[in-house]
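Results of the structural survey
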Amino acid sequence: MALCPECSSLLRPDGACPCCLLKLALNYDDANLQVEDAESLRALNAHFPQLDIRRIVGRGGMGTIYQARQTSLDRDVALKVIDRS
């Protein structure tokens, strides 16, 4: 039984801390969404018609993660788009 080094909560079997992940999601500031991000959301929605891509969740060294809704199954999903470089 492993504990999170940040908040001492129990870690999931994959090593993620549900409490810290929730804090990150709640502290995300949609005001940081830039004009080019809104344009990329429109372009992505055109490429993934089965999803309703709603917002950028985060960016990293490999790509961008988006919050989306899979309309056919009525559930929230994450979409990770890997950068080409």
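Summarised in this report is the structure supplied together with it. None of the values given here were measured: they were computed from a predicted structure. (Residues numbered from 1 in each chain as written. Predicted model: local features only at pLDDT ≥ 70, side-chain atom pairs only at ≥ 80, totals over all residues. Heavy atoms only, no water.)

**Observations concerning the sheet that holds strand 3 (residues 75-82)**
Taken in spatial order, the three strands line up as 1-2-3 in an open sheet, and their pairing is antiparallel. In this open sheet, the two edge strands, each paired with only one partner strand, are strand 1 (51-59) and strand 3. Each strand axis lies, on average, 30 degrees off the axis of its neighbour in the sheet, ignoring direction. (Pairing = 2+ DSSP bridges. Helix = DSSP H or I, 4+ residues; strand = E, 2+ residues; numbered from the N terminus. Axes fitted to C-alpha atoms, helices over the stretch in contact; angles between N-to-C directions.)

**Digging into the nonpolar core**
Core analysis: the biggest nonpolar cluster contains eight residues, these being Leu 41, Leu 44, Leu 51, Ile 53, Ile 56, Tyr 66, Ala 68 and Leu 79. The set of elements that each furnish at least two residues to this core consists of helix 2 (35-47), strand 1 and strand 2 (63-70). Sort the elements by how many residues they give to this core and strand 1 lands first, with three residues. Setting aside residues up to four positions removed in sequence, Ala 68 forms contacts with Leu 51, Asp 52, Ile 53, Arg 54, Arg 75, Asp 76 and Val 77. (Core = buried A, V, L, I, M, F, W, Y, C linked by side-chain atoms within 4.5 Å. Buried < 20%, exposed > 50% of the residue type's maximum accessible area, 1.4 Å probe, protein only. Contact = heavy atoms within 4.5 Å.)

**Details of the side chain of Arg 69**
Topologically, Arg 69 is positioned in strand 2. Separated by 2.5 Å, the side chains of Arg 69 and Asp 74 make a polar contact. Here the side chain of Arg 69 touches Asp 76 through a polar contact of 3.0 Å, side chain to side chain. For Arg 69, the residues in contact, after removing those within four places along its chain, are Gln 50, Leu 51, Asp 52, Arg 54, Asp 74, Arg 75 and Asp 76. (Polar contact = N/O pair within 3.5 Å; in protein donor to acceptor, adjacent residues only side chain to side chain.)

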